[in-house]
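The residues making up each chain are set out below.
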Amino acid sequence: MTGLLRPHAGGFALVVVLQVIGAVAGLAPLLAVVELGRVLLAPGPVDQAHAWGAVVVGAVGLVVRLLFTAASAGVGHLLDDRVQLALRLRLAAHLGRVPIGWIARRRSGELAKLVGPDVSAVHPVIAHTPGELVSAFVVPLVSLAYLLAVDWRLTLVTLAPVVLAVALVPLMMTPTRLREQADFDAAQGRIAGAVVEFVRGIAVVKAFGGAERAQRGYRTAVDDFVGTFLRWVRGMSGIAAGMQLALSPPFVLLVVLTGATVAVTSGATAPADLLPFLLLGLGLTAPVAALGHGFDDLQAARRAIGRIRDVLDVAPLPEPARPKAPHGHRVELRDVRFGYGTGNGDDHEVLHGVDLVLEPGTVTALVGPSGSGKSTLVQLLARAADPTSGAVVVGGVDLRELDARERHRTISFVFQDVRLLRAPVADNIALAVPHADLDDVVRAARLADVHDRILELPRGYASVIGEDAVLSGGEAQRLSIARALLARTPVLVLDEATAFADPRTELVLRRALTARDGDRTVLVVAHRLETIADADTVVVLRDGAVVERGRPADLLARDGAFAALWRSHRSAFAEATGEDEHR
Amino acid sequence: MIRLLLRVLGDEHARPVRRTVALMVATAVAEGLSYALLVPVLRALLGSAPAEAWPWLGAFAVAVAAYAVLRYRSDLSGFRVGTTLLRGVYHRLGDHLARLPLGWYGAGRVGEVSELAGRGVLRAMSVIAHLLAPWIAAAVTPLTIALVVLALDWRMGLAALLAGPLVAAVQSWTGRATAAVDEERARRENEATGRVVEYVHAQPVLRAGGRTGERFGLLDDALREVGRASRRSTLSALPGVVGLAVVVQAVFTALLALGTYLALGGRLGAADVLVVLVLAARCADPLLSLADIGGALRGARAELVRLDALLGTAPLPQAPDPVRPRRHDLELDAVSFRHDDRAVLDGLSLTVPQGRRVALVGPSGAGKTTVLQLIARFHDVHAGAVRMGGVDVRAVDPEELMARIAIVFQHVHLFTGTIEDNVRLARPDATAAEVRSAAVAARLDEVVERLPAGWASDVGEGGALLSGGERQRVSIARALLKDAPVVLLDEVTSALDPVNEAAVHEGVERLMAGRTVVMVAHRLRTVRRADRVVFLDGGRVVEEGTHDELVGRGGRYAGYWDLSTAPPPDRPLSPGAARR
């Protein structure tokens, strides 16, 4: 935690110093009462000036306390705002550098939570903890020193409730108690899970008319949680009550007064000397009360900072020291093996030595059953991970020797995401080419068959998505195709897994794919007969290895794996659509 | 606050809550009153006969014991009531969620409700268990002490009581001032969250253009706005926090000066003045803690308001005398439906004879999925009627309606559990043979054979351990097992790979056999076998007829058909063309 906050140490120290001065000054009015007591109880005529002097000192102490604690709170909160902004900007910058593969494995909500609530969780640490720590430890220590100086025996008596409370702590840590606490935490986790599952699955639940049945799991989790909670409360309540009573003001006062009565009646202590104990003695319980409270916020903040740190520690993929420039853009996979390392040697290998060449100016369709390694292969091209052995080579250069900028400029991916930004349409299309001129943007939009639709929007290309432009699914997809067309990377990788919203979009994509725009290298993870048929080369992947490759017509003639796949696909259609009847 | 709490909880909890609050107030009053006994004790100790303190000290000990008992009981009662409430609210929420129409569960809703039910309920209920007692103690004990002081000396008492209205005024002013700023802050934070999600999603594209963190202005601006809003909220909250301290300290200073004046003038005994000041010092800390507790209460209150709004959302009305449809033909009669004031369906009429298949085709946003949702009564229509077997679906018991409809969605949610559990969900009392035959018909048996634990294989959270096509097969097996007379299919195969698509097609074909079917599809080949094709656009029927009629007519549908079957313009025909 300290590392992330170090740059702000100066401000932090100022907060603490101001807080200490303010809190210690806060003792002045109490000491003024003590002094007033001494004056009033002193034998003989009352020293009026002395009495008023005490009042003035008390009043000044209060003003000082007010000014300094307010200053401390103000500085603390402003510092907190600065730290939060700095952390957020730093996280944003870092998210712009971590491997895409790392991002892909995370839910976007998780990352949004990190930049939002997790950063906010440092707020108490910076803005409130100094105050809490000072009032929990510094003030009691100063008070203790003062009380010891007044009367050490009465000080020991005053500490008795604190000792009693501390003595009860081990009772809260017995194995039974700890088990109950663990049960409670577990039940709390289960209830959250049950709620999420219940809500997520509600469509299924209702569609099958079994709301009550599915609710049973939810209800069981609720009752379970409530039961555990009650057991925990019952187990803890006696000890907790004992502890709270020991620390409660009436009890502390009872103990102090009993000790004081003994001391005063025996003549060991002057009556005026018991006033400090009545006024300051209660403050001695603060540290224990604070510990009992457990600094919940502090722990929450520590967990949040841990998560932030974990993300900041994610290393960007190693960049080459001397990047090479690719010559051309033929893509080659040379004996690529890849396994998801489990860390204990038994790697689960997904790709077993794939050799593949994607020639410029051709479209290659990658087909195969799910789990055959298609998406892993795409991820290696995106350098979401590096091969375990072998190499991915673009334009004669190993992907690992290309710098990230060059890599992104060479290869782009379509349909990983059709989400549009809440920004003008033109900016959305030109996202990858920030300084593109409008003519280029319009040309890309025309190619993607979305230009006319954009002109219908209230402010044309300046319309802001989500504000004055609401696009249908198909239109959004065409916009993202325009984006890819404008980026004009020489290598294009498409994943058809996303459904197309309508035939028009499908056609635009097919046109874009097959336009043979110069000598672009295209790889499609194909899900559609038309795409496969249009491809120059079909590569059939099964169990992490290439089993067939060639022109679609040749493969059909060869009557191997591809032909079988094709037939099963076709027969399903024939059965579903009755095409055979039309023949 | 308490009223809001009680509305969220329901009436049956009103009594225990009131009893607990009464107990908490009694505890706080007892604490304040016990301090009255300090007066005689200190008078004796500070006076000439300290031994006279003993009996009073005994009485104080008894009062402390009484306070301890009260406090223990009120704490316990707080926890017990809090727990009962927690359970009550969770059950109430669950029942209510199950009754809300499916149409209510829009895109952002699942996250919102999960968050509310997961953490929101706990936070809202912490009011009773953790916040109420300290708040009552911090407000009532000082008030009681002030009254004790008033009984001792009216001048000092009035000065102490002066703090009451001042503290209340500062508290309510702070509450109002921060509420507005907090809202602004929450809005900015939401916006920034949206920008982070955008930013993360757009990474591949942004990087291609060399735009990384520092240069993505939209996100930076949003983050800086959050910073500015939070600074504003800080500065607006500061007067509140400081204001409370000013009031409390000013009153204490006034008491100190007044006491000194009275004591020096001989108008009040030294011991009495000192007792009052000791008691006044005792009030300061609880009063100052009101600021923190107030903030926590406001946070919990916001959750309560959200819970209240959720519980206040009306479920679809249920017919008092439900009618059972005797046939399973479907009819949409001049149906209009709006969503956020946008007309989705506009006087749409459609009939599906029993046992026939109708395919809905049209551009996205045409209202195809809405038609399915209205048949299953996810929403109620704004005008017109949806009928099953001639009976308005609003007159049918919701469970009964659902029992007659099997829906297969494009995206399938599975429950954590085994494959068998998930299939059985459709009909828990099905025999093993029935489950097996549904699985074979959906070609789920192939999937099961491949999995290590077979039928007992876990599907993971939401079905994450299965592929999209495998999940789809589970959902078709489920629908087959349900054996409902009406089948609704929503883009079932559009996102599948060829192998799964073939399997799913087979399953769907078996599912449709002999049933009344409405399907949404854009793969026009899957549409050809429908008895009737309905082309929708802008919430209206544009064309209607058999596939061949519509293709022959050369209208919108024919245009679609050409688009989806035509080879790309500048490509030579390849094997795909051989199919004609």
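Residues numbered from 1 in each chain as written. Chains lettered and ligands numbered in written order. Predicted model: local features only at pLDDT ≥ 70, side-chain atom pairs only at ≥ 80, totals over all residues. Heavy atoms only, no water.

K.L.:
Just checking my understanding: could you explain the overall build of chain B for this structure?
P.N.:
The helix and strand tally for chain B stands at 20 helices and 10 strands. Taking 25 Å as the expected radius of gyration for a compact globule of 580 residues, we find that chain B reaches 35 Å, considerably beyond that expectation. Along the first, second and third principal axes, the C-alpha set of chain B runs to 120 × 60 × 50 Å. The buried share of chain B, reckoned over its 580 residues, is 56%. Considering only contacts in chain B between residues 6 or more positions apart, those separated by 24 or more positions represent 75%. Roughly 23500 Å² of accessible area belongs to chain B as shown, and the carbon and sulfur atoms make up 56% of that amount. A distance of 2 Å separates the average location of the 67 positive side-chain charges in chain B from that of its 61 negative side-chain charges. (Helix = DSSP H or I, 4+ residues; strand = E, 2+ residues; numbered from the N terminus. Rg over C-alpha atoms; globule rule 2.2 N^0.38 Å. Buried < 20%, exposed > 50% of the residue type's maximum accessible area, 1.4 Å probe, protein only. Contact = heavy atoms within 4.5 Å. Areas by Shrake-Rupley, 256 points an atom, 1.4 Å probe, with all protein chains shown as cover. Lys, Arg positive; Asp, Glu negative; His and termini not counted. Charge placed at Lys NZ, Arg CZ, Asp CG, Glu CD.)

K.L.:
It is not clear to me how the overall build of chain A should be interpreted in this structure. Could you clarify?
P.N.:
Check the secondary structure of chain A and you find 26 helices and 10 strands. Sorting the 583 residues of chain A into buried and exposed places 53% on the buried side. A separation of at least 24 residues holds for 75% of the contacts in chain A among residues at least 6 apart in sequence. Roughly 24200 Å² of accessible area belongs to chain A as shown, and the carbon and sulfur atoms make up 59% of that amount.

K.L.:
Is there a simple way to explain the packing of aromatic side chains in this structure?
P.N.:
Scanning all chains against the criterion turns up three aromatic pairs over all chains. Centroid distance A:F225 to A:F229: 6.2 Å. Interplanar angle 20°. Geometry classified as stacked. Note that A:F225 and A:F229 are positioned in helix α11 (residues 211-247) at a spacing of four residues, about one turn of the helix. When its relative accessible area of 1% is taken as the criterion, A:F225 is described as buried. Judged by relative accessible area, A:F229 falls into the buried class, the value being 11%. Taken together through their ring pairs, the aromatic side chains of A:F225, A:F229, A:W232 and B:F79 make up a single cluster. (Phe/Tyr/Trp six-rings, centres within 6.5 Å; stacked < 30°, edge-to-face > 60°.)

K.L.:
Sorry, what's going on with helix α3 (residues 38-46) of chain B here?
P.N.:
Each turn of an α-helix holds 3.6 residues, which means side chains three or four residues apart point in the same direction. Burial runs high along α3(B): eight of the nine residues are buried. Residues B:L38, B:V39, B:P40, B:V41, B:L42, B:A44, B:L45 and B:L46 constitute the buried set of α3(B).

K.L.:
Got a minute to help me understand the nonpolar core in this structure?
P.N.:
A general feature of soluble globular proteins is that nonpolar side chains tend to end up buried together. In terms of nonpolar packing, the biggest core is built from 94 residues, with B:L93, B:L97, B:M125, B:V371, B:I375, B:I405 and B:L488 touching the most fellow members. When near neighbours in sequence (up to four residues on either side) are disregarded, B:L97 contacts A:F198, A:V199, A:I202, B:W104, B:Y105, B:V113 and B:L310. In terms of nonpolar packing, the next biggest core, distinct from the first, is built from 88 residues, A:L274, B:V127, B:A146 and B:V276 among them. (Core = buried A, V, L, I, M, F, W, Y, C linked by side-chain atoms within 4.5 Å.)

K.L.:
Can you help me understand unusual backbone geometry in this one?
P.N.:
Among all residues save glycine, negative phi is the norm, and among peptide bonds the norm is trans. Positive phi outside glycine occurs at A:D335, with the angle close to 45°. By secondary structure assignment, the location of A:D335 is in strand β1 (residues 331-340). Using a relative accessible area of 39% as the deciding quantity, one classes A:D335 as partly exposed. At B:R377, a position not held by glycine, the phi torsion is positive, near 55°. The topology assignment puts B:R377 in the loop between α11 (368-375) and β4 (383-388). Looking at B:R377, the relative accessible area reads 9%, which means it is buried.

K.L.:
How do you make sense of the sheet that holds strand β5 (residues 391-392) of chain B when you look at a structure like this?
P.N.:
Sheet strands pair via backbone hydrogen bonds, and the direction of the pair is either parallel or antiparallel. Residue and element names in this part refer to chain B. One open sheet accounts for four strands, arranged β2-β1-β4-β5; its pairing is antiparallel. Since the sheet does not close on itself, it has two edges, and those belong to β2 (342-352) and β5, each with one partner. By the bridge criterion, two bridges tie β4 to β5 in an arrangement that is antiparallel. Looking at the pairing, R387 lines up with D392 of β5. (Pairing = 2+ DSSP bridges.)

K.L.:
Would you explain the pattern of salt bridges in this entry?
P.N.:
Two side chains that carry opposite charge are able to pair once their charged atoms sit near each other. By the definition in use, this model includes 39 salt bridges over all chains. Across the pair B:D95 and A:R219 runs a salt bridge whose closest N-O atoms are separated by 2.8 Å. Taken together, the residues span two chains, with B:D95 in helix α4 (residues 53-99) and A:R219 in helix α11. (Salt bridge = Lys/Arg side-chain N within 4 Å of Asp/Glu carboxyl O.)

K.L.:
I'm lost on the packing of helix α3 (residues 28-41) of chain A against helix α9 (residues 217-264) of chain B in this one. Help?
P.N.:
Each packed pair of helices is defined by two parameters, the angle between the axes and the distance between the axes. Relative orientation of the contacting elements α3(A) and α9(B) amounts to 5°, with a least axis distance of 11 Å. The angle between the axes of α3(A) and α9(B) places the two elements in the roughly parallel class. Across the interface between the two elements, A:P29, A:A32, A:V33, A:L36 and A:L40 from α3(A) touch B:F252, B:L256, B:T260, B:A263 and B:L264 from α9(B). Per-class residue counts for the contact of α3(A) with α9(B) are nine nonpolar, one polar and no charged. (Axes fitted to C-alpha atoms, helices over the stretch in contact; angles between N-to-C directions. Parallel < 35°, antiparallel > 145°, perpendicular 65-115°, else oblique. Nonpolar A, V, L, I, M, F, W, Y, C, P; charged D, E, K, R; others polar.)

K.L.:
I tried to follow the packing of helix α4 (residues 48-95) of chain A against α9(B) on my own but got confused; where do I start?
P.N.:
For the pair α4(A) and α9(B), the least separation of the axes is 10 Å and the interaxial angle reads 170°. With respect to their mutual orientation, α4(A) and α9(B) come out roughly antiparallel. When its residues are assigned to classes, the contact of α4(A) with α9(B) shows 24 nonpolar, nine polar and six charged.

K.L.:
How should the pairing of strand β8 (residues 521-525) of chain A be read in this particular structure?
P.N.:
Consecutive side chains of a regular strand alternate in pointing toward one face of the sheet and then the other. Residues and elements named next belong to chain A. The element β8 is extensively covered by neighbouring structure, given that five of its five residues are classed as buried. Neither face of β8 is open: one carries T521, L523 and V525, the other V522 and V524, and all of them are buried. Relative to β8, strand β3 (residues 363-367) runs parallel, the two sharing four bridges. By the bridge assignment for β8, T364 is matched with L523.

K.L.:
Would you mind going over the sheet that holds strand β7 (residues 491-495) of chain A with me for this structure?
P.N.:
All names here are of chain A. Pairing is mixed in the open sheet, where six strands are placed in the order β6-β7-β8-β3-β9-β10. In this open sheet, the two edge strands, each paired with only one partner strand, are β6 (411-414) and β10 (545-550). On average, each strand axis in the sheet is inclined to that of its neighbour by 20°, with strand direction left out of account. Relative to strand β9 (residues 537-542), β3 is paired through four bridges, and the arrangement is parallel. Looking at the pairing, V367 lines up with V540 of β9.

K.L.:
Can you help me understand the environment of B:A477 in this one?
P.N.:
Residue and element names in this part refer to chain B. Note that A477 resides in helix α16 (residues 468-482). Here A477 falls in the buried class, since its relative accessible area comes to 0%. Placed 158 residues apart in sequence, A477 and A319 show a C-alpha to C-alpha distance of 32 Å. Discounting chain neighbours no more than four positions away, the residues touching A477 are V423, A438, A439, A442 and L444.

K.L.:
Looking at this structure, how should I read the side chain of B:E470?
P.N.:
All names here are of chain B. Positionally, E470 belongs in helix α16. On the basis of relative accessible area, E470 is assigned to the buried category, the value being 10%. What E470 contacts, discounting residues up to four positions off in sequence, is L444, V447, R450 and N500.

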